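# Topology and contacts: notes
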Amino acid sequence: MAEKTAHIDTFARDNLPPAELQPEFLLQGLDYPERLNAGVELTDRLVEQGHGDRTALIGNGRRRTYKELADWTNRLAHALVEDYGVKPGNRVLIRSANNPALVACWLAATKAGAVVVNTMPMLRAGELSKIIDKAQISLALCDTRLLEELETAQQGNQTLRQVIGFDGTANHDAELDRAALDKPVHFDAVETFAHDVALLGFTSGTTGEPKATMHFHRDLLIIADTYAKEVLQVTPEDVFVGSPPLAFTFGLGGLAIFPLRFGACATLLEKASPPNMIEIIETYRATVSFTAPTAYRVMLKAMEEGSDLSSLRCAVSAGETLPAPIFHEWMEKTGKTMLDGIGSTEMLHIFISNRLDDARPACTGKPVTGYQARVVDASMNELPRGEIGRLAVRGPTGCRYMADDRQRNYVQEGWNITGDTFWQDEDGYFHFAARNDDMIVSSGYNIAGPEVEACLLAHDKVLECAVVGQQDEERGQIVAAYVVPAEGIQPSDALISELQDYVKNQIAPYKYPRAVHFIEALPKTATGKVQRFRLRE
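Let me begin by describing the structure that accompanies this report. (Residues numbered from 1 in each chain as written. Predicted model: local features only at pLDDT ≥ 70, side-chain atom pairs only at ≥ 80, totals over all residues. Heavy atoms only, no water.)

### Overview of the sheet that holds strand S24 (residues 476-485)
We count it as follows: When DSSP finds two or more bridges between a pair of strands, those strands are recorded as paired. Each helix is a run of DSSP H or I of at least 4 residues and each strand a run of E of at least 2, with the numbering of both proceeding from the N terminus. A fitted line through C-alpha atoms serves as each axis, taken over the contacting stretch for helices, and the angle formed by two N-to-C directions is quoted from 0 to 180°.
Taking strand neighbours across the sheet as the criterion, the 3 strands line up as S23-S24-S25 in an open arrangement whose pairing is mixed. The two strands at the open ends of the sheet, each matched to only one other strand, are strand S23 (462-472) and strand S25 (515-518). Ignoring strand direction, the axes of neighbouring strands in this sheet form an average angle of 25°. The pairing of S24 with S25 spans 4 bridges and is classified as parallel.

Okay, structure coming up:
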């Protein structure tokens, strides 16, 4: 572990996992200078490269060029340091929906050498308090429209001393904006080390105590220089659109880091519903889309009704495994590939993916260059091709939980154990079976819930569904399907029998759902992940 740091406040470095509990990092071919500030690399560096007049961000009715973004973030960085006393290594929490002001605050705090904690607008005071306490956050920046929960969290909190409002609407009419208004447009960014912590990503969708994943300045660039460069093949002509919150590393990569690394443009939506995304795609001729399979289903229907999504050259599906029917229908309607892949907050972004010229249905693809993956048993032995086991991965990024005993479970023998069950075919392609806890064991059979889901989704009377194991005295567990019927379809016993028979005819009969529950909507996280634990409860 390199000991050098530019941090004056060394809390983050002091709480890294011990070296022996960290994964092996494969950094060959990724040569960054010893001193590296990701905030500079994503703004001022692009201006130096001649992209100053290109549009960097579109959101809330305004376009901002790379020169404007560099100037804006430099002014904000001055304010953070001079008016609010931010020191290198301090944790700064940011609370906002997806908008350019959130990106500007994140970049400014990064330039000031802070460790940023981006949080979702839907978090409540209790959840924010856990994050504030765990990361020992003394300063928070908040869109003034979302102050209430944060101010509630601040009451009686010993750590959070300052909550500073910023204007997320593009009017620049809030305390932070006014403090930055007369600052110089040049800022000498803190010369952080490539291995200084830049970001704490709190994991989503979990119950109980939150886990903070720790990512370095170099990590923020690695995901662009591997996945975005190789798989997405980003150029300055690209226009990005998507639904994941920037508070999640998946959204931060796809809607900020990837476009800004290559001089492209990001369009940001505070409410990224499928209709809003469709409008943005049509208006700005977006070329790269990041969203969940359920949103792509809505887009496919919209195309039938006349929406023009022909500008999209690349549709990235994530949040949930991509059902084969959606993949096929997208290919039929657009003639273009839909990219399925797998990533995690711990790994920062996608590490196994299909490619634009090599994509298969019901397949996650092959490791991104620089990453290695294998399917292993409980003793870390690699399993033969075709056998289902735990996914183990390593590469230039990896899991570093902040002061958390769960590090021992995630990292084993230098490999990251992602919590996913996979199998690898004879050609080396990886196929998702289930989350480790989504495997259903019924009468001795191992049944992968997502396989049953994909089958049900191909039925024209099913809009959405999720499959979980339901406790059963006789069989241990049975397959239980929670089904949202298609528009105009009424739940009935006859429909249950129809769906059960359909599954029996499509896949091995023992996998059919012995229980079918009709519901109006599936419980989901903000990124579109189905919260199966809530269905199990």
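### Focus: the packing of aromatic side chains
What counts here: Classification of ring pairs rests on two measures: the distance between centres of Phe, Tyr or Trp rings, Trp counted by its six-membered ring, which must be within 6.5 Å, and the angle between planes, read as stacked under 30 degrees, edge-to-face over 60 and tilted in between. In this scheme, a residue with accessible area under 20% of its type's maximum is buried, one over 50% is exposed, and one in between is partly exposed, where area comes from a 1.4 Å probe on protein chains only. For a lysine, the NZ atom is tested; for an arginine, the CZ atom; a charge sits over a ring if that atom is within 6 Å of the ring centre and within 35 degrees of the ring normal.
Scanning the model with the defined rule gives 9 aromatic pairs in all. Aromatic side chains tyrosine 227 and phenylalanine 258 sit 5.8 Å apart centroid to centroid with 45° between the ring planes, which places their arrangement in the tilted category. Linking tyrosine 227 in helix H9 (residues 217-232) with phenylalanine 258 in helix H10 (residues 249-261), this pair joins segments that are 31 residues apart in sequence. Just as tyrosine 227 is buried, phenylalanine 258 falls in that class too. Plain terms: the ring middles of phenylalanine 422 and phenylalanine 432 are 5.5 Å apart, the flat faces sit at 75° to each other, and that makes the pair edge-to-face. One end of the pair, phenylalanine 422, is in strand S19 (residues 415-424); the other, phenylalanine 432, is in strand S20 (residues 430-435), and 10 residues separate them in sequence. The exposure class of phenylalanine 422 is buried, given its relative accessible area of 0%. Taking relative accessible area as the criterion, phenylalanine 432 reaches 23% and is therefore assigned partly exposed. Three or more aromatic residues link up through ring pairs in this structure, and these residues are Tyr227, Phe240, Phe250, Phe258 and Phe290. A cation sits over an aromatic face here: arginine 218 above phenylalanine 25, 6.0 Å from the ring centre. Residue placement shows lysine 504 over the ring face of tyrosine 512; its charged tip is 4.3 Å from the ring centre.

### Description of the sheet that holds strand S2 (residues 62-65)
Pairing between the strands of a sheet comes from backbone hydrogen bonds, and it takes one of two forms, parallel or antiparallel. We apply this condition: Residue contacts follow a heavy-atom distance rule, with two residues in contact if any of their heavy atoms lie within 4.5 Å.
Pairing in this open sheet of 9 strands is mixed, and the strands run S2-S1-S10-S9-S11-S12-S13-S14-S15 from one edge to the other. Each end of this open sheet is capped by a strand with a single partner; those strands are S2 and strand S15 (366-367). When strand S1 (residues 55-59) meets S2, the two strands line up antiparallel, connected through 4 bridges. Its bridge partner lying in S2, threonine 55 is registered against threonine 65. Most of the contacts of helix H4 (residues 66-82) go to S2, to which it runs at about 85°, and overall it touches S1 and S2.

### A word on the environment of valine 239
Locating valine 239 in the fold gives a position in strand S9 (residues 239-242). Overall, the relative accessible area of 12% leaves valine 239 in the buried class. Once the C-alpha coordinates of valine 239 and asparagine 409 are considered, the two residues, 170 residues apart in sequence, prove to be 39 Å apart. With residues near it in sequence (within four places) discarded, valine 239 still touches Cys265, Thr267, Tyr284, Arg285, Ala286, Thr287 and Val288.

### Overview of the packing of helix H5 (residues 100-111) against H10
What counts here: When describing relative orientation, an angle under 35 degrees is termed roughly parallel and one over 145 degrees roughly antiparallel, while 65 to 115 degrees is termed roughly perpendicular and anything else oblique. Each crossing is labelled by how the near helix is turned from the far one, with a counterclockwise turn of less than a right angle marking it left-handed and a clockwise turn marking it right-handed. Each residue receives one of three labels: charged for Asp, Glu, Lys and Arg, nonpolar for Ala, Val, Leu, Ile, Met, Phe, Trp, Tyr, Cys and Pro, and polar for the others, Gly being one of them.
Direction vectors running N to C along H5 and H10 enclose 65°, while the axes themselves pass 12 Å from each other. Classified by the angle their axes make, H5 and H10 are roughly perpendicular. Considering only the axes of H5 and H10, their crossing is right-handed. Within the contact between the two elements, H5 uses Val103, Trp106 and Leu107 and H10 uses Leu252, Ala256, Ile257 and Leu260. Residues of the contact of H5 with H10, tallied by class, amount to 7 nonpolar, no polar and no charged.

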